[in-house]
Amino acid sequence: MPGDNPFLDPQRFERRIEPCVVVIFGASGDLAKRKLVPALYRLAYERRLPPGFAILGVSRTPLSDDDFRAKMKESVQKYLENSPFDESLWNEFARGLFYEAGDIGNTASFVELGKRLDAVAAERNTSGNVLFYLSTQPSQYGPAAAGLGKAGLAKQDKGWRRLIIEKPFGHDQQSARELEVSLHEFFAENQLYRIDHYLGKETVQNILAFRFGNPIFEPLWNRNYINHVQITAAESIGVEDRIQYYQDAGALRDMIQNHLLQVMATVTMEPSAVFEATAVRDERAKLLRSIRIWKPEEVMENTVAGQYGPASIAGQNVVGFRQEPKADPKAKTDTFAAATFFVENWRWADVPFYIRTGKRMPKRVTDIAIRFNSVPHSLFKTMSDGEQIETARPNVLVLRIQPEEGISLRFSSKQPGAGMTLRPVSMDFNYGSSFGVRTPAAYETLLLDAMLGDATLYTRQDMVEASWSVVQPILDTWAARADDPFPNYDAGTWGPKASDEMLARRGHTWRVP
Amino acid sequence: MATAVQPEKILKELANLWVDLAKEDSAKSANGVIRACSMTLLIASASEEDAESAAETAAELLRAHPGRAISLRFQTSGESVLESRVFARCWMPYGQRQQLCSEQIEISASMDRLADVYAAVLGITVPDLPVVLWTTTPSLLFRPEFAEMLMLARTVIIDTAKLPDTCLALTRVNELFQQGWRMKDLNWSRLTVWREAIAHVFEHDSWRELIPLIDAVTISHRGTTLSTDVCYMAAWLGARLPAAKIIFINGAENVDEGVQSVSIAAGVRHASVSSSESGRLAIDVDGKQHQVLMPPQTEQALLHEELSIAGRDPIFEQALTGAAKYSGAPNV
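Residues numbered from 1 in each chain as written. Chains lettered and ligands numbered in written order. Predicted model: local features only at pLDDT ≥ 70, side-chain atom pairs only at ≥ 80, totals over all residues. Heavy atoms only, no water.

## Side note on the packing of helix α8 (residues 243-268) of chain A against helix α13 (residues 461-480) of chain A
A packed helix pair is summarised by two numbers, namely the angle formed by the two axes and the spacing between the axes.
Residue and element names in this part refer to chain A.
Next up, step 1: At a minimum axis separation of 10 Å, α8 and α13 run at an interaxial angle of 145°. Crossing handedness for the pair α8 and α13: right-handed. For the pair formed by α8 and α13, the contact residues are L252, R253, Q257, L261 and Q262 on the first element and M463, V464, S467, W468, V470, V471, I474, L475 and W478 on the second.
Next up, step 2: Broken down by class, the residue content of the contact of α8 with α13 amounts to ten nonpolar, three polar and one charged. (Axes fitted to C-alpha atoms, helices over the stretch in contact; angles between N-to-C directions. Helix = DSSP H or I, 4+ residues; strand = E, 2+ residues; numbered from the N terminus. Left-handed = near helix turned anticlockwise from the far one by under 90°. Contact = heavy atoms within 4.5 Å. Nonpolar A, V, L, I, M, F, W, Y, C, P; charged D, E, K, R; others polar.)

Take a look at the structure:
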């Protein structure tokens, strides 16, 4: 075997991708059109793709290669973000676009797919490496993996074979395990790439840089200095066209079971010895396994389910969830979920982690607020109405994920003028504007990583199972309640009162992001 | 005409500038301005035209590399001058609500006031952050009286394409490197897209297996003499292809110096990378052709690349030390 490539210059060249074909199942679907193909085109624009590269779209709709190219061109022009469309580059890129009509439920389709892959590999010199992307209904994951496996397309004798799947990874703990069994029948764990696009966000990755590249924070990053942590992922919009999926899934499954527990793990994990996929994922998995699992009788005190009702927002009437088009008028869907978690290890014992997520909240924001302890003895008090008021406020470090990615630190400063009154001020680092350069979209990062065989930002089966272990008792308890508390918050608010009460029980309040 | 530049006065003016900016901005919105700083960028120019263009480039550059830019405008003739002014360049990043501002200080001086400039700059570099010197007039580095100014920076960026004598340029840059400066040359950055394309060829196992057998590399260039980028390319390839003879083919005219194509041969196997019209690189590997878009090679883009490398650059250092032996090589 030849050694490493001596011509590489890692400080200047981006990581190189081996020649490969990306096979997209569900190629005529929304994800392929809006995200996947624009992200791959953008990678071509950045000169990140190898000369031996092709995309093979697979879907039921009969299309010629040229039809597929025309459709994808339209999509790229429409959905390409922060980038110009270059006609001649597109022509070059489009030469590597192919289409094969096929049905996941039909074994013969996979045999045909195998033949087409051989032809594309010969034409484009892709060395037998294939990345399969299942941009399909989750119910198709098992049959697709089986189809690929039975047709011999999962075997790595001619080159690497990798399979990407999108969340949800199961509907509950049981179905997650069933999915695992069906995927593992033909694919080894190191061939599987479970996308959690939150982990592909530049600012989520920046949490690792912030924590492990700046030693001044490490001594403070524990129960001795941190009072509690609040993670908020709020959407101002409703369910829009995701009603069918969302009505069954709800906020806890849709956001907390995957994205937000992963974010929490990123904030709280121990540093890994090296920045490599296995090491980083081991630490994340270890943290997820350390989250206290609520007993059924503890669930209602430590979690809150909510559903938005109709309201008027800025003079505009907004319907409640049950009045949304195609929604079940008696749906028990949680459009808001909040939970208190504890991490049972030495670093985090007794530190509450409050997580909340919801639809139709006052604004779209995702952030992590780390509230430090108050000063042990205050010097700075002021008299008001015969009462001594503490003017020093606890420090809060906020890691903002969206929309304005950055980091801010609240600290106390003397109010200018006579006397010694303190007021909080914020020191702000804005990631996007401090480095006025384009940051790659999450799908660009994640597709690139999968083609490179770097699974650092992908979820692993043990992490999926650990997350379900945390969430399943909550889902079961919520499902078993006899009453119907919904709707219990008005659209355009920060959620039900019970959510505030959950924090109040530990003497805390939600901050307003 | 002012004849003194006081660091304290400049720093006070800067502080006032930020207060004014914040007031102005808060009158318009409640979001304020962001002050970001990652380095001091010293820009030394010996012509007014260069200085103007460098200031524009720096303003763009500071978006990705926020910092304090100190523009040093040296006047090589005329009366004794030393004066300064401070200003900020602000912009509203796309889709953001906060202005991002970077501060710039401009010092104009005649060459006889170099010692005063050095003293002033010493007092106004940003503490605890790297100081980078970029000279748009590379010949300044060769002047003995400029030696003290060099002491201000650890990293020096030049563009040897602006120097007429390749041999002298490589010798001088090598000397500074040997003396401990972290040298960066924009004429090396121009090769990145070429080197990346060549590296791509060797991503194939079959081409990596060929490395000991590659016996000929031909570099075609536009100029009638070898420019520094051609020498760098030869040194870089030579260090990786031990059995290869490097042949240079010169262009017909002495215009647009630089690499035009690189061909690598091992028996019947052949790969080439060549610049084509419409700003692309054409890559041919064993008869299979492919094109990539050439990124913009503006001064700003090249500087951005160099500033993105915070530490040492051993690959450039190796090419730099190896390039000198090619500077007098014959053309075919």
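## Some remarks on the packing of aromatic side chains
Aromatic ring pairs: the centre-centre distance and the angle between the two ring planes describe each pair.
Next up, step 1: Under the counting rule described, the total for this entry stands at 25 aromatic pairs over all chains.
Next up, step 2: Between A:F7 and B:F202, the ring centres sit 4.2 Å apart and the planes meet at 15°, which makes this aromatic pair stacked. Remark: B:F202 occurs in the loop between α7 (192-201) and α8 (205-209) and A:F7 occurs in the segment before β1 (20-25); the pair is interchain, linking two chains.
Next up, step 3: Judged by relative accessible area, A:F7 falls into the buried class, the value being 0%.
Next up, step 4: Residue classification places B:F202 among the buried positions, given a relative accessible area of 0%. (Phe/Tyr/Trp six-rings, centres within 6.5 Å; stacked < 30°, edge-to-face > 60°. Buried < 20%, exposed > 50% of the residue type's maximum accessible area, 1.4 Å probe, protein only.)

## Here we look at the domain arrangement of chain B
Residues and elements named next belong to chain B.
Next up, step 1: As assigned here, chain B comprises domain 1 (7-153) and domain 2 (187-332).
Next up, step 2: Counting from both sides, the interface comprises nine residues of domain 1 and, opposite them, six residues of domain 2.
Next up, step 3: Approximately 710 Å² of surface area, both sides summed, lies buried where domain 1 meets domain 2, with 73% of it carried by carbon and sulfur atoms.
Next up, step 4: Summed over the three residues of domain 1 that lose the most area to domain 2, namely L61, H65 and W134, the buried surface amounts to 56% of that side.
Next up, step 5: Between the two partners, domain 1 and domain 2, sit zero salt bridges.
Next up, step 6: Counting across the domain 1 and domain 2 interface gives one residue pair in polar contact (both at pLDDT 80 or more).
Next up, step 7: Elements with a contribution of two residues or more to the side of domain 1 that touches domain 2: α2 (48-64) and β6 (131-135).
Next up, step 8: Within the side of domain 1 that touches domain 2, the residues separate by chemical class into five nonpolar, three polar and one charged. (Domains from an automatic or database assignment. Buried area = accessible area lost by both parts, 1.4 Å probe. Salt bridge = Lys/Arg side-chain N within 4 Å of Asp/Glu carboxyl O. Polar contact = N/O pair within 3.5 Å; in protein donor to acceptor, adjacent residues only side chain to side chain.)

## Re the interface of chain B and chain A
Next up, step 1: In this assembly, 47 residues from chain B lie in contact with 39 residues from chain A.
Next up, step 2: The contact between chain B and chain A buries some 3,700 Å² in all, and 54% of this surface belongs to carbon and sulfur atoms.
Next up, step 3: Among the residues of chain B in contact with chain A, B:E196, B:H200 and B:E203 are the three that bury the most area, contributing 17% of the side total.
Next up, step 4: Here A:R12 makes a salt bridge to B:E306, at a shortest N to O gap of 2.9 Å.
Next up, step 5: Here chain B and chain A share twelve residue pairs in polar contact (both at pLDDT 80 or more) between them.
Next up, step 6: Broken down by secondary-structure element, the contributors of at least two residues to the side of chain B that touches chain A are α2, α6 (186-189), α7, α8, α9 (228-240), β14 (288-293), α10 (299-307) and α11 (314-323) of chain B.
Next up, step 7: Within the side of chain B that touches chain A, the residues separate by chemical class into 22 nonpolar, ten polar and 15 charged.

## Points about helix α2 (residues 65-79) of chain A
Next up, step 1: The terminal C-alpha atoms of α2(A) lie 21 Å apart, and with 15 residues this matches the ideal 21 Å at 1.5 Å per residue to within 8%.
Next up, step 2: Buried residues along α2(A) sit against α1 (30-45), β2 (53-59), α3 (87-94) and β3 (97-101) of chain A. (Expected span 1.5 Å × (residues − 1).)

## Examining the pattern of salt bridges
Next up, step 1: In the structure shown here, the tally under the stated rule is 45 salt bridges over all chains.
Next up, step 2: Two residues, A:R69 and A:D66, come together in a salt bridge whose shortest N-O distance is 3.1 Å. Within this pair, A:R69 and its partner A:D66 are both found in helix α2, separated by three residues, close to a single helical turn.
Next up, step 3: The salt bridge involving B:R280 is made with A:D86; its shortest N-O contact spans 3.3 Å. You can see B:R280 sitting in strand β13 (residues 280-285) and its partner A:D86 sitting in the loop between α2 and α3, one on each of two chains. Comparing B:R280 with A:D86 shows no difference in burial state: the two are buried.
Next up, step 4: Each of A:D9, A:R12, B:K184, B:R195, B:E305, B:E306 and B:D313 takes part in salt bridges that share partners, so that together they form one network.

## Topic: the environment of A:R60
All names here are of chain A.
Next up, step 1: Residue position: R60 is located in the loop between β2 and α2.
Next up, step 2: Linking R60 and G102, residues 42 residues apart in sequence, is a C-alpha distance of 5.0 Å.
Next up, step 3: Setting aside its immediate chain neighbours within four residues, R60 contacts Y99, A101, G102, D103 and Q140.

## Considering the packing of helix α7 (residues 202-212) of chain A against α8(A)
Residues and elements named next belong to chain A.
Next up, step 1: Running from amino to carboxyl end, α7 crosses α8 at an angle of 15°, the nearest separation of the two axes being 9 Å. With respect to α8, the axis of α7 lies roughly parallel. For the element pair α7 and α8, the recorded crossing hand is right-handed. Where α7 approaches α8, its residues V204, I207, L208 and R211 are matched on the opposing element by T266, V267 and T268. (Parallel < 35°, antiparallel > 145°, perpendicular 65-115°, else oblique.)

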